[in-house]
Amino acid sequence: MPEIVQDRNAKGRELRDVVVQTIQSLMTMDDRVVALEADLGGASHFTKIGESNPLRFVQCGISEANMMGVAAGMSSEGFKPYVHTFSPFATRRAFDQIYLSGAYACNTINIYGSDPGFTVGPNGGTHTSWEDVALMRTIPGAVVVDAADDVQMEWVIREFSKIDGIHYVRANRKAVRNVYAHGSVFELGHGVVVRPGSDVLVISAGQLVSEALDAADLLALEGVNVEVIDMFTIKPLDADLVLAEMEGKEAVITFENHGVIGGLGSAVAEVLAESGRGASFRRHGVTERFGQVGTPAFLQKEYGLESSDLVDDIRKMLAQES
């Protein structure tokens, strides 16, 4: 079982460095592992892979769709490609190539889509993705992950090397707050109860797991016992955990750095609707908006994705139930 850290304010390693170092480690053990980049090697630090393993690194330039095609072709020849670009270019821009050259052709592509949602910062609206999870969920057999911290990210990158297919992980490039202790082990398709609780169930993923835990701390001062699940694998979703942990709760709410359409909230809503079980449910995410320029802190506040925003939503839900 994953071990939860005590000091949640401490930040871990930069996630981009975790990805690079893990791929480099995999390369020492498996000569089929290769890396591809779309002219963002400085941003992703993938240039370090090019320096350490020049014959197993492909710089594809600003041509993301072509990069996915190259990765698919390399997979068809027995390689295990890892690719990086910013999340909208890794999904929205290259979707057809991932779907057809990748999934439909039974090839393997391990995709790191960086800086999703508010973490995009000053790169602005064209580089913002509120829809990447929604897109990737539609691909048959795809695995879709939102990594909470550096420990989980390292595990995910290693785990992707063991399985075939389309695998997508979204995460910040920079360091984020710790959730898990080093050495923690996870299981794809299984969420983690990071905080037990009896009154309200919060299901979150990625960087917002830390914010959800902050919200639980604040509500505990008001006598509200909040449970938090890290649903880091959004597809396949851990439906059994959702249904088991919703029992006896006054309210269930999802909290994600993504649009409310097609993301974690939609996935959980589908489970609840098909189960036929009643529950006060709400999706907390971004509704009908595009991205904009700003610091990550400004954007997180602007789009209502701070712990205080989640607290307000839970208060409203409980007031309606009383």
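Now for a look at the structure at hand. (Residues numbered from 1 in each chain as written. Predicted model: local features only at pLDDT ≥ 70, side-chain atom pairs only at ≥ 80, totals over all residues. Heavy atoms only, no water.)

### Comments concerning helix α1 (residues 15-29)
- In a regular helix each residue adds 1.5 Å, so 15 residues correspond to 21 Å; α1 covers 21 Å between its end C-alpha atoms and thus fits that length.
- Counting buried residues along α1, 11 of its 15 residues qualify, which places the element largely inside the surrounding structure.
- Those residues of α1 not exposed but buried are Leu15, Arg16, Asp17, Val18, Val19, Val20, Thr22, Ile23, Gln24, Leu26 and Met27. (Helix = DSSP H or I, 4+ residues; strand = E, 2+ residues; numbered from the N terminus. Expected span 1.5 Å × (residues − 1). Buried < 20%, exposed > 50% of the residue type's maximum accessible area, 1.4 Å probe, protein only.)

### Some remarks on unusual backbone geometry
- Cis geometry marks the peptide bond from Lys235 to Pro236, where omega comes out at -5°.
- Tracing the sequence through the fold places Pro236 in the loop between β10 (233-235) and α10 (239-246).
- The backbone of Asp115 shows a phi angle near 55°, a positive value even though the residue is not glycine.
- As for its placement among the helices and strands, Asp115 is situated in the loop between β4 (109-114) and α7 (132-137).
- Classification of Asp115 as buried rests on a relative accessible area of 3%.
- One non-glycine residue, Glu288, lies in positive phi territory at about 50°.

### Describing the nonpolar core
- Formed by 61 residues in total, the largest nonpolar core has its most connected members in Ile23, Met153, Val169 and Val202.
- Contacts of Val202, omitting those with residues within four sequence positions, involve Ala212, Val226, Glu227, Val228, Ile229, Ile253, Phe255, Leu310 and Ile314.
- Among the nonpolar cores identified, the runner-up in size contains 39 residues, and Cys60, Ala72, Met74 and Ala142 belong to it. (Core = buried A, V, L, I, M, F, W, Y, C linked by side-chain atoms within 4.5 Å. Contact = heavy atoms within 4.5 Å.)

### Description of the sheet that holds β10
- Ordered in space as β2-β1-β3-β4-β6-β5-β10, the seven strands form an open sheet in which the pairing is mixed. At either end of the open sheet lies a strand with only one pairing partner, and these are β2 (57-59) and β10. Strand-to-strand twist of the sheet, defined as the mean angle between neighbouring strand axes without regard to direction, takes the value 20°.
- Note: strand β3 (residues 80-86) against β4, five bridges, orientation parallel. In the strand pairing of β4, Val83 is matched with Ile111.
- Where helix α4 (residues 64-76) meets the sheet, it contacts β1 (33-37), β2, β3 and β4, and its direction lies at approximately 170° from that of β3. (Pairing = 2+ DSSP bridges. Axes fitted to C-alpha atoms, helices over the stretch in contact; angles between N-to-C directions.)

### So, the packing of α4 against helix α6 (residues 95-104)
- Where α4 meets α6, the axes come as close as 9 Å, and the angle between the chain directions of the two elements is 10°. Judged by the angle between their axes, α4 and α6 are roughly parallel. Side by side, α4 and α6 meet where Ala65, Met68, Gly69 and Ala72 of the first sit next to Gln97, Ile98, Ser101 and Gly102 of the second.
- Of the residues contributing to the contact of α4 with α6, the split by class is four nonpolar, four polar and no charged. (Parallel < 35°, antiparallel > 145°, perpendicular 65-115°, else oblique. Nonpolar A, V, L, I, M, F, W, Y, C, P; charged D, E, K, R; others polar.)

### Describing the pattern of salt bridges
- The tally for this structure, following the rule as stated, stands at 25 salt bridges.
- One salt bridge in this structure joins Asp132 and Arg170, with 2.7 Å as the shortest N-O distance. Placement of Asp132 in helix α7 and of Arg170 in strand β6 (residues 166-171) is noted, with a sequence separation of 38 residues between them.
- Residue Asp132 is classed as buried on the basis of its relative accessible area, which comes to 0%.
- Via salt bridges that share partners, Arg8, Arg177, Arg195, Glu211, Asp214 and Asp217 belong to a single interconnected network. (Salt bridge = Lys/Arg side-chain N within 4 Å of Asp/Glu carboxyl O.)

### Some thoughts on the packing of aromatic side chains
- Scanning the entire structure with this criterion turns up seven aromatic pairs.
- Taken together, a centroid distance of 5.7 Å and an interplanar angle of 70° make the contact between Trp155 and Phe186 edge-to-face. Here Trp155 is found in helix α8 (residues 150-160), whereas its partner Phe186 is found in the loop between β6 and β7 (192-195), with 31 residues between them in sequence. Judged on exposure class, the residue Trp155 and its partner Phe186 are both buried.
- Aromatic side chains Tyr180 and Phe186 sit 4.7 Å apart centroid to centroid with 80° between the ring planes, which places their arrangement in the edge-to-face category.
- Judged by relative accessible area, which is 1%, Tyr180 ranks as buried.
- An aromatic cluster of at least three residues, connected via ring pairs, comprises Trp155, Tyr180, Phe186 and Phe232. (Phe/Tyr/Trp six-rings, centres within 6.5 Å; stacked < 30°, edge-to-face > 60°.)

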